[in-house]
Every structure is written in structure tokens, then in C-alpha cells.
Amino acid sequence: MQSATTSGDGAKIASALDYVASKPPPGMPKWVAISKEGAEKAKKGDIDGAKASCKACHDLYKAEYKAKLRDAAF
């Protein structure tokens, strides 16, 4: 994901977010919606909006994901 966001390539960001949306962890109900929202923004060229979606998901789930799923295969 980081290489896509660093490059600012909307198509790559959208593809990465669509992939992430297809792999929602259990107990994280907003994961898919946030990822799809970011992908749509990226497809429209709104890179900052897509990055904001990433931040929203990280703010919501990062601690829980690391605590419960850090060693799980993605």
C-alpha cells in the first residue's frame, strides 16, 4: 500500500484498496466500506481523500488488528 500512496498513482491505490476490501478481518465491520470509499476517491484522482480513508481505517482498527491478528496471514 505504501508504495502506491507514495507514488500518488490513483489506479495503484484503488487496486490496493480494492484488494484490502476483499479481505475484511472478523469483528471489523467498517473495514470494507472504508476501503471501498478510499478506492473510489483514488479512482477519481482524489489521492488526499484516499489517504484520509487509510488514516480513518488505521485510527479505527490498527491497535486491535495488531493485538489480535499481527501474525495472521493476510
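Parameters at a glance
Residues numbered from 1 in each chain as written. Predicted model: local features only at pLDDT ≥ 70, side-chain atom pairs only at ≥ 80, totals over all residues. Heavy atoms only, no water. Helix = DSSP H or I, 4+ residues; strand = E, 2+ residues; numbered from the N terminus. Rg over C-alpha atoms; globule rule 2.2 N^0.38 Å. Buried < 20%, exposed > 50% of the residue type's maximum accessible area, 1.4 Å probe, protein only. Contact = heavy atoms within 4.5 Å. Lys, Arg positive; Asp, Glu negative; His and termini not counted. Charge placed at Lys NZ, Arg CZ, Asp CG, Glu CD. Phe/Tyr/Trp six-rings, centres within 6.5 Å; stacked < 30°, edge-to-face > 60°. pLDDT = per-residue confidence, 0-100. Salt bridge = Lys/Arg side-chain N within 4 Å of Asp/Glu carboxyl O. Core = buried A, V, L, I, M, F, W, Y, C linked by side-chain atoms within 4.5 Å.

Asks: In this structure, what is going on with the overall build of the chain? I would like to understand it.
Replies: For the chain, the helix and strand inventory stands at 4 helices and 0 strands. Reading the helices (α) and strands (β) of the chain from amino to carboxyl end gives α-α-α-α. In terms of overall dimensions, the chain is globule-like: its C-alpha atoms have a radius of gyration of 12 Å, near the 11 Å expected for 74 residues. Along the longest, intermediate and shortest principal axes, the C-alpha atoms of the chain span 35 × 20 × 20 Å. The buried share among the 74 residues of the chain stands at 34%. Within the chain, contacts between residues at least 6 apart in sequence are counted, and of these 52% link residues at least 24 apart. With 13 positive and 9 negative side-chain charges, the chain shows a spacing of 3 Å between the two charge centroids.

Asks: Which parts of the structure should I look at to understand the environment of Ser3?
Replies: Mapped onto the elements of the fold, Ser3 is located in helix 1 (residues 2–7). In this structure Ser3 comes out as exposed when scored by relative accessible area, which is 64%. Considered as a pair, Ser3 and Ile34 are 31 residues apart in the sequence and their alpha carbons are 19 Å apart.

Asks: Would you mind showing me how to read the packing of aromatic side chains here?
Replies: In this structure the tally under the stated criterion is 3 aromatic pairs. When the centroid spacing of 5.9 Å and the interplanar angle of 20° are considered together, the rings of Trp31 and Tyr65 count as stacked. Of this pair, Trp31 sits in helix 3 (residues 31–43) while Tyr65 sits in helix 4 (residues 47–69), and the two are 34 residues apart along the sequence. Put simply, the rings of Trp31, Tyr61 and Tyr65 touch in pairs and so form one group of aromatic residues.

Asks: What exactly am I supposed to notice about the confidence of the model for the chain here?
Replies: Low pLDDT means the predicted coordinates in that region are not meant to be read closely. Across the chain, the average pLDDT comes to 95, with 100% of residues at 70 or higher. Element-level pLDDT for the chain is lowest in helix 1, with a mean of 88, against a maximum mean of 98 in helix 3.

Asks: How do you make sense of the pattern of salt bridges when you look at a structure like this?
Replies: Note on pairing: side chains with opposite charge can pair once their charged atoms come close. Enumeration according to the criterion identifies 5 salt bridges in this entry. Between Lys43 and Asp18 there is a salt bridge whose closest N-O contact spans 3.4 Å. Here Lys43, found in helix 3, pairs with Asp18, found in helix 2 (residues 10–21); they are 25 residues apart in sequence, far enough to count as distant. The class for Asp18 is partly exposed, based on a relative accessible area of 33%.

Asks: Honestly, the nonpolar core in this entry has me stumped. Any pointers?
Replies: Generally speaking, soluble globular proteins have nonpolar side chains that are buried together. Ranked by size, the top nonpolar core spans 9 residues in total: Ala4, Ile13, Ala14, Leu17, Ala39, Ala42, Ile47, Ala50 and Cys54. Breaking this core down by element, the ones donating at least two residues are helix 2, helix 3 and helix 4. Ranked by size, the runner-up nonpolar core spans 7 residues in total, among them Val20, Met28, Trp31 and Cys57.

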